[in-house]
Amino acid sequence: MNLNRLFARLWADARALNPQAARIHSLLSARGEKVVNDHLAFRTFDLPTVGVDVLARPFRDGGYAPAGEYDFPDQHLRGMHLQHPDPSRPKIFLSELRLAALPAGLQSVVLGLINQIPAPLFSDPLCASGRPWKISQVEYEALRRVSEYAAWLAAFGFRANHFTVLVNAMRSFASLRELNDFLKAAGFPLNRDGGEIKGSARAFLEQSSTLAAPVSVTFSDGEMKIPGCYYEFALRHRLPSGEFFQGFVSGSAARIFTSTDRR
């Protein structure tokens, strides 16, 4: 699939699961800002049929290449990011849950979900396929009690978990804190896990995000409102070389993950 069509499809899907994104985008545009996307992120399980290498395929086919690897031991996650030779293309952040970290019963639940994926979906960009399985509220809650990450993935499937505004491209905000204050004044709750701003200039990256707003999800045994997608904001700082830092900070990213937590 053409990269432009893929990004348009992912953005339309993310907006449907995160009405905040469309409203924030409109508010920023009304200030005269051109909203530039720094990166978008995806979640998956570390299985050979659906792991990060599988989700990365359409991006690698479009010219992206691996540019960094990350470890999140507390959340049992492995992460990687991809970059494109064209710097105007957003970075791609992919993470996968180590299935072996889940209790045996929950591993069976996840494998039951994966086994429902129709074969044709593997020839379509899997990263934009949505939820290709049925899951019950009971299964969702069982996963959530152990891993919010796994529960979100089981409920929503393969799609962009969040898009990220590049604060460096903005002209009317002098800092990420100013942007955060603007968002809070407009009524958007922010993720305060570890502080509203994760990271620092010394780490060469500052990040913040909204809290994912609840959306109605259809399960096999009824509907329930649970956190959907969120919107992130990233301010990148210059390295000693003078170039802007293009990677990610594991400690900060771990806090950003909690933007979909129900706690």
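What you are looking at is a predicted structure, and each value in this text was computed from that prediction instead of being measured. (Residues numbered from 1 in each chain as written. Predicted model: local features only at pLDDT ≥ 70, side-chain atom pairs only at ≥ 80, totals over all residues. Heavy atoms only, no water.)

**Comments concerning the overall build of the protein chain**
Cut-off, in case you're wondering: Here a helix means four or more residues in a row that DSSP labels H or I, a strand means two or more in a row labelled E, and each is numbered from the N terminus. As defined in this context, the radius of gyration uses C-alpha atoms, and a globule is described by 2.2 Å times the residue total to the power 0.38. Think of it in three bands: residues with accessible area under 20% of the maximum for their type are buried, residues over 50% are exposed, and the middle band is partly exposed, with areas taken using a 1.4 Å probe on protein chains only.
Counting its regular elements, the protein chain contains 8 helices and 10 strands. Taking 263 residues into account, the globule formula puts the C-alpha radius of gyration at 18 Å, and the protein chain, at 18 Å, falls close to it. Expressed as lengths along the three principal axes of its C-alpha atoms, the size of the protein chain is roughly 50 × 40 × 35 Å. Considering the protein chain as a whole, with its 263 residues, one finds that 52% of them fall into the buried category.

**Comments concerning the pattern of salt bridges**
Keep this limit in mind: Here, a salt bridge means any side-chain nitrogen of Lys or Arg that lies within 4 Å of a carboxyl oxygen of Asp or Glu.
Evaluated as defined, the whole model comprises 12 salt bridges. For Lys-184, the salt bridge goes to Glu-196, with nearest N and O atoms at 3.1 Å. With Lys-184 in helix H7 (residues 176-185) and Glu-196 in the loop between H7 and strand E6 (198-200), this residue pair connects regions lying 12 residues apart in the sequence. You can call Glu-196 buried: its relative accessible area is 18%. Because the salt bridges share partners, they merge into one network encompassing Asp-181, Lys-184, Arg-192 and Glu-196.

**Some words on the sheet that holds strand E1 (residues 37-45)**
Just so we agree on the cut-off: Two strands form a pair only when DSSP identifies at least two bridges running between them. Axis lines are fitted to C-alpha atoms, over the contacting stretch for helices. Their N-to-C directions set the angle, which ranges from 0 to 180 degrees.
Taken together, 8 strands build an open sheet; the order of strands is E2-E3-E4-E1-E5-E10-E7-E6 and the sheet is mixed. Both edges of this open sheet fall to strand E2 (65-72) and E6, since each of them pairs with a single strand only. Neighbour-to-neighbour, the strand axes of the sheet open up by a mean angle of 25 degrees, direction not taken into account. Of the strand pairs in this sheet, strand E3 (residues 77-83) and strand E4 (residues 91-97) are connected by 6 bridges, and their pairing is antiparallel. Within E4, the position partnered with Met-80 by the bridge is Leu-94.

**What to know about the pairing of E3**
The buried fraction of E3 is high, at 5 of 7 residues. With antiparallel pairing between neighbouring strands as the criterion, E2 and E3 make up a hairpin whose turn holds 4 residues, including His-76 at a positive phi of roughly 60 degrees.

**Some points on helix H3 (residues 52-61)**
Residues spaced three or four apart along an α-helix face the same direction, because each turn holds 3.6 residues. Stated formally: Residues are treated as being in contact if the distance between any of their heavy atoms lies within 4.5 Å.
Of all the residues in H3, the buried ones are Val-52, Val-54, Leu-55, Ala-56, Pro-58 and Phe-59. Where H3 is buried, its residues contact helix H1 (3-17), E1, E3 and E4. Following H3 by one or two positions, Gly-63 has its phi on the positive side, about 110 degrees.

**What to know about the state of the cysteines**
Short version of the rule: Pairs of cysteine sulfur atoms within 2.5 Å are identified as disulfides in what follows.
According to the stated counting rule, one finds 0 disulfides in the structure shown. In this model Cys-127 remains outside any disulfide bridge; the closest cysteine sulfur is found in Cys-229, 13 Å from its own. Of the residues examined, Cys-229 reaches a relative accessible area of 1% and is grouped as buried.

**With respect to the nonpolar core**
Stated precisely, the cut-off is as follows: Residues enter a nonpolar core if they are buried and are Ala, Val, Leu, Ile, Met, Phe, Trp, Tyr or Cys, with the set joined through side-chain atoms within 4.5 Å.
One finds Leu-10, Phe-42, Phe-45, Phe-59 and Leu-143 to be the most contacted residues of the largest nonpolar core, which totals 81 residues. Counting residues per element, this core draws most heavily on helix H6 (residues 148-156), which supplies 8 residues. For Phe-59, the residues in contact, after removing those within four places along its chain, are Leu-3, Leu-6, Phe-7, Leu-10, Phe-42, Tyr-64, Leu-82, Ile-92 and Cys-127.

**Looking at the pairing of strand E5 (residues 160-166)**
Burial runs high along E5: 7 of the 7 residues are buried. As paired elements, E1 and E5 share 5 bridges and run antiparallel to each other. Across the sheet, Phe-42 pairs through a bridge with Ala-160, a residue of E5. With 5 bridges connecting them, E5 and strand E10 (residues 230-236) associate as parallel partners. When the sheet's bridge partners are listed, Leu-166 is paired in E10 with Ala-234.

**Thoughts on the side chain of Thr-260**
Selection criterion: In protein, a polar contact requires one atom able to donate a hydrogen and another able to accept it; more generally it is a pair of N or O atoms within 3.5 Å, and residues adjacent in sequence count only if both atoms are side-chain atoms.
With respect to the element layout, Thr-260 can be found in the segment after helix H8 (250-257). Polar contacts involving the side chain of Thr-260 include one to the main-chain carbonyl oxygen of Phe-257, which spans 3.4 Å. Ignoring any residue separated from it by four or fewer positions in sequence, one finds Thr-260 in contact with Arg-43, Glu-148, Trp-152, Asn-161, Ala-212, Pro-227, Gly-228 and Tyr-230.

**Overview of the environment of Gly-247**
Note that Gly-247 resides in the loop between E10 and H8. Considering only alpha carbons, one finds Gly-247 and Arg-236, 11 residues apart in sequence, at a separation of 9.2 Å.

As far as function goes, none of this settles anything; it's purely spatial.
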